[in-house]
Amino acid sequence: MVSPPDRPRTRLLTVVLRRALSALGTLWAAVTLAFFALRIAGGDPTHSLLAQGLASPEQVAALRSHLGLDDSLTTQYVHYLGDLIQGDLGESLYTGRNVTAVIGEQLPPSLQLALSAFVVSLILGLSLGLASGWYPRRVVGRVADALSALATGLPVAIVGLIAILAAAYLSRMFLPALALTRAGGLVLPSLTLGFGASGALARAIQAGLLETSAAPYLVAARARGIARGARLMWHALRPVLPLAVSLSALQAAFLLSGTVVTETVFSRPGLGRLLVSAILDGDYPVVQGLVVLGAAVYTLTHSVAEVIASHLDPRLRDAEA
Amino acid sequence: MKPDLRRSFAVAWLGLAVVLTTLAPRLTSHSVGQPVGAPLAPASSSLPLGGDELGRDLWTRLLYGGRASLGASILAAGLTVALGSLVGLLAALAGRWIHGLIVLVVNAALAIPGLLLALLLVAGLGPGFPTIVLAVGLGGVAGFARLARQAFLQGQTASYIAAASALGAGRTRVALAHLIPNARPLLVPLAATYYAWSLLGTTTLTFLGLGGDPTNPEWGSMLNAGRLYLQEAPHLVLLPGLAIALTILSVHSLASARARSFPDRPV
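Cut-offs applied
Numbering of residues starts from 1 in each chain and follows the order in which that chain's sequence is written. Naming scheme: in the order in which they are written, chains are lettered from A and ligands are numbered from 1. This being a predicted model, a pLDDT of at least 70 is required before a residue's local features are given, and a value of 80 or more before pairs of side-chain atoms are given or counted; all residues contribute to the totals for chains, interfaces and linings. The numbering of helices and of strands both runs from the N terminus, where a helix is a DSSP run of H or I of at least 4 residues and a strand a run of E of at least 2. Counting other C-beta atoms within 10 Å of a residue's own tells you its class, since 20 or more makes it buried, 12 or fewer makes it exposed, and anything in between is partly exposed; those C-beta atoms are placed from the backbone. Distance between backbone-placed C-beta atoms decides contact: two residues are in contact if it is within 7 Å. Core membership is restricted to buried Ala, Val, Leu, Ile, Met, Phe, Trp, Tyr and Cys residues, and these are joined into a nonpolar core through C-beta atoms within 7 Å. Where each domain starts and ends follows an automatic or database-derived domain assignment. Gly counts as polar in this scheme, as do all residues outside two lists: the nonpolar Ala, Val, Leu, Ile, Met, Phe, Trp, Tyr, Cys and Pro, and the charged Asp, Glu, Lys and Arg. Under this scheme, a helix contributes an axis fitted over its contacting stretch, all axes are lines through C-alpha atoms, and angles between N-to-C directions fall in the 0 to 180 degree range. Two helices crossing with the near one rotated counterclockwise from the far one by less than a right angle form a left-handed crossing, whereas a clockwise rotation gives a right-handed crossing. Here the angle decides the label: under 35 degrees means roughly parallel, over 145 means roughly antiparallel, 65 to 115 means roughly perpendicular, and every other value means oblique. How sure the predictor is of each residue is captured by pLDDT, a score from 0 to 100. Each residue after the first adds 1.5 Å to the expected span of a helix. To get the bend at any residue, fit one axis to the seven residues that end at it and another to the seven that begin at it, then take the angle between the two axes.

(A) Local environment of the overall build of chain A. Secondary structure summary: chain A contains 14 helices and zero strands in total. Ordered by position in the sequence, the α and β elements of chain A form the string α-α-α-α-α-α-α-α-α-α-α-α-α-α. Looking at chain A as a whole, 40% of its 321 residues are labelled buried. By sequence separation, contacts in chain A at least 24 residues apart represent 73% of the contacts at least 6 residues apart.

Okay, here's the thing in structure tokens:
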């Protein structure tokens, strides 16, 4: 539907405010779900301390009252929310350290990995999507199509292990100086994670291009004598972009989960390793803090992506009004 | 690869995997947990694929590992599909309040990326293989429920539903006789996609070392154990990795083929 030209446009600020409010609501619901799911599924978190003989019954009793575990679930929940607003995620059961501080320590390597993987996924996703959507019958398009199928389907763990093998082979055969497998290196982990994250983007751009390249306005542009490259950039790609931007929120979810796996594959320190060891230890405040952080990052990216997408596409903007 | 050829490959691999893992006790006489040769023993007539890092028969462990992985992912996906359809159906049929509550809980669950949600549940229930099945199954429910609800809502506006109601059919009758059968073409490819997700989820969680006892083989935990011998014995990683990858890619290609074979129906 075409909106009448004199209709006032929805202002960016309105869109941002509306998005922020709904994001806060979703985040609150997610925090609540995480809190109760963990409590209901887990029962008493101090049992494992007792069972492993890490603490005497008296110590456990002291810890329980210190953590407020003797209060009712509702009281604990209210306390947790109150602390959370002040950025306090509680204390680790094992080290007694503040969870926010522990997460802060492990954040840099994970952030570095996730951000560089995001850049890789944008470059790869855009090129694979462009190649397979704009040249569907040429060899380059078919290769890109197969690669994006692999990127969508292959588990990150397997991609990572194959990458390590390939890099070891390459550096043994051809490039001993390059040392791709160097410990703590960022190249292989971010390529691995970025490849996995590029699949959805490539698929979306491919599907969008295949659809728009058959659209009447593209035939018209061709008839007007507009060059192929300009047609791609200004006519075919433009309607695809908002969807691609919305999809980057999905990529954020993938990067968050994928970081956990990638860090294990490459034995990198970071939040993912922290999460796995906290799960094995039954250190529920750490697990909960990390999941809340994940939900917050995801909700934030999702909202920002929606705002940008609605800015790029006037139809989306007016539909929200 | 041509779509038809790809589909034949997919069917062949899945068939082979099911037959081999089902017949596992007949195809090998070695024990799963006991070493039968030297660590990383080369392939021989008694050990067709050689030994693993502890000298256990790799062929036996791949077969039984497949049983565990495929079985666990089928159970988890079954849980997701059953619960997700139920929640989706309830959301589509229920009144405003229940609908609102379901949407709130589903959106909350969707705000936590799927694998993180499963990890949260594993943390609550404690590591172990049964836990992983439950966690992966429950982790997918919200996503499935949302898409299932859309499928049911689409059917609900159809004129045959109005006709059935006019003829005096109750809500339950409409749901069982009309909504569910007509949503099936949408739900079946969705279920297949979630099966792939379940296999990915279970093998990922066991790869992270959350699967409990490593004596019992499972493709994901074999991947993790072989990781330390990547240079000396890459096949310890490549074989279970290939099995997981082939299964997931096969299911993906069949799911999209199935989705294509049900074009938009007139009703």
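That shown, we press on.
(B) Quick peek at the overall build of chain B. Along its length, chain B carries 11 helices and zero strands. The order of helices and strands in chain B, counted from the N terminus, is α-α-α-α-α-α-α-α-α-α-α. Based on the C-alpha atoms only, the size of chain B along its principal axes is roughly 75 × 45 × 30 Å. Nonlocal contacts in chain B, meaning residues at least 24 apart in sequence, comprise 67% of its contacts between residues at least 6 apart.

(C) Looking closely at the nonpolar core. Grouped together as the largest cluster of nonpolar side chains are 145 residues, with contacts concentrated most on Ala34(A), Leu275(A), Val287(A), Leu120(B) and Val122(B). Looking at this core, the element that brings in the most residues is helix α9 (residues 171-207) of chain B, giving 15 residues. Counting contributing residues, this core receives three or more from each of domain 1 (7-93 + 283-321) and domain 2 (109-281) of chain A. Excluding its chain neighbours within four sequence positions, the residues that come into contact with Val287(A) are Leu275(A), Ala278(A), Ile279(A), Leu120(B) and Ala123(B).

(D) Structural context of the interface of chain B and chain A. On the chain A side, the residues contacting the 39 residues of chain B number 38 residues. Elements supplying a minimum of two residues to the side of chain B that touches chain A: α4 (96-110), α5 (114-125), α9 and α11 (235-260) of chain B. A total of 10 residues in the side of chain B that touches chain A trace back to one element, the largest contributor, which is α5(B). Residues belonging to the side of chain B that touches chain A are distributed by class as follows: 28 nonpolar, 10 polar and one charged.

(E) Expanded view of the domain arrangement of chain A. Residues and elements named next belong to chain A. As far as domains go, chain A holds domain 1 (7-93 + 283-321) and domain 2 (109-281). At the junction of the two partners, domain 1 supplies 16 residues and domain 2 supplies 15 residues. The element best represented in the side of domain 1 that touches domain 2 is helix α13 (residues 284-312), accounting for 13 residues. Among the residues forming the side of domain 1 that touches domain 2, the class breakdown is 10 nonpolar, three polar and three charged.

(F) Just unusual backbone geometry, in detail. All names here are of chain A. Although it is not a glycine, Ser 267 sits at a positive phi angle of roughly 50 degrees. Within the secondary structure, Ser 267 sits in the loop between α11 (241-265) and α12 (271-281). The exposure class assigned to Ser 267 is exposed, which follows from the 12 C-beta atoms found within 10 Å.

(G) Broad picture of the environment of Leu62(B). Residue and element names in this part refer to chain B. Along the chain, Leu 62 falls in helix α3 (residues 58-93). Residue Leu 62 is classed as buried on the basis of its 23 C-beta neighbours within 10 Å. In this structure the C-alpha to C-alpha distance between Leu 62 and Leu 75, which are 13 residues apart in sequence, comes to 19 Å. When sequence neighbours within four positions are dropped, the list of residues in contact with Leu 62 reads Leu 239, Pro 240 and Ala 243.

(H) Structural context of the environment of Leu107(A). Residues and elements named next belong to chain A. Locating Leu 107 in the fold gives a position in helix α5 (residues 99-134). Given 14 C-beta atoms within 10 Å, Leu 107 falls into the partly exposed group. Considering only alpha carbons, one finds Leu 107 and Pro 285, 178 residues apart in sequence, at a separation of 17 Å.

(I) Structural detail: the packing of α3(B) against helix α6 (residues 129-139) of chain B. Residue and element names in this part refer to chain B. Close contact between α3 and α6 brings their axes to 7 Å; oriented N to C, the two are set at 35 degrees. Between α3 and α6 lies a crossing whose hand is right-handed. Contacts from Ala 72, Leu 75, Ala 76, Leu 79 and Thr 80 of α3 reach α6 at Phe 129, Ile 132, Val 133, Val 136, Gly 137 and Leu 138. When its residues are assigned to classes, the contact of α3 with α6 shows nine nonpolar, two polar and no charged.

(J) Structural context of the environment of Val287(A). On the secondary structure map, Val287(A) appears in helix α13. For the pair Val287(A) and Thr46(A), spaced 241 residues apart in sequence, the C-alpha separation works out to 15 Å.

(K) Spatial organisation of the packing of α3(B) against helix α7 (residues 141-156) of chain B. Residues and elements named next belong to chain B. In the contact formed by α3 and α7, the axes pass within 7 Å of each other and the chain directions differ by 45 degrees. As the angle between them shows, α3 and α7 are arranged oblique. Crossing of α3 against α7: the hand is right-handed. Facing α3, whose interface residues are Thr 80, Val 81, Leu 83, Gly 84, Ser 85, Val 87, Gly 88, Leu 89, Ala 91 and Ala 92, α7 presents Val 141, Phe 144, Ala 145, Ala 148, Arg 149, Phe 152, Leu 153 and Gln 156. Among the residues forming the contact of α3 with α7, the class breakdown is 12 nonpolar, five polar and one charged.

(L) Region of interest: the confidence of the model for chain A. Of the residues in chain A, 88% reach a pLDDT of 70 or more, and the chain-wide mean stands at 83. Least confident of the elements in chain A is helix α14 (residues 314-320) of chain A, whose mean pLDDT is 62; most confident is α5(A), at 92.

(M) Here's a closer look at helix α6 (residues 139-153) of chain A. When the terminal C-alpha atoms of α6(A) are compared, their 21 Å separation across 15 residues agrees well with the 21 Å that a helix rising 1.5 Å per residue should span. For α6(A), the set of buried residues is Ala144(A), Asp145(A), Ser148(A), Ala149(A), Ala151(A) and Gly153(A).

(N) Molecular detail of helix α8 (residues 187-212) of chain A. Spanning 26 residues, α8(A) covers 35 Å between terminal C-alpha atoms, matching the ideal 38 Å at 1.5 Å per step. At Ser198(A), α8(A) shows its strongest bend, of approximately 35 degrees.

(O) Just the confidence of the model for chain B, in detail. Residues and elements named next belong to chain B. When pLDDT is averaged along chain B, the result is 85, and 95% of the positions lie at 70 or above. In this model, residues 261-267 is a region of pLDDT below 50 whose contacts with residues beyond four sequence positions or in other chains number three contacts. On the interface metric, ipTM, the complex scores 0.84, and its pTM is 0.86.

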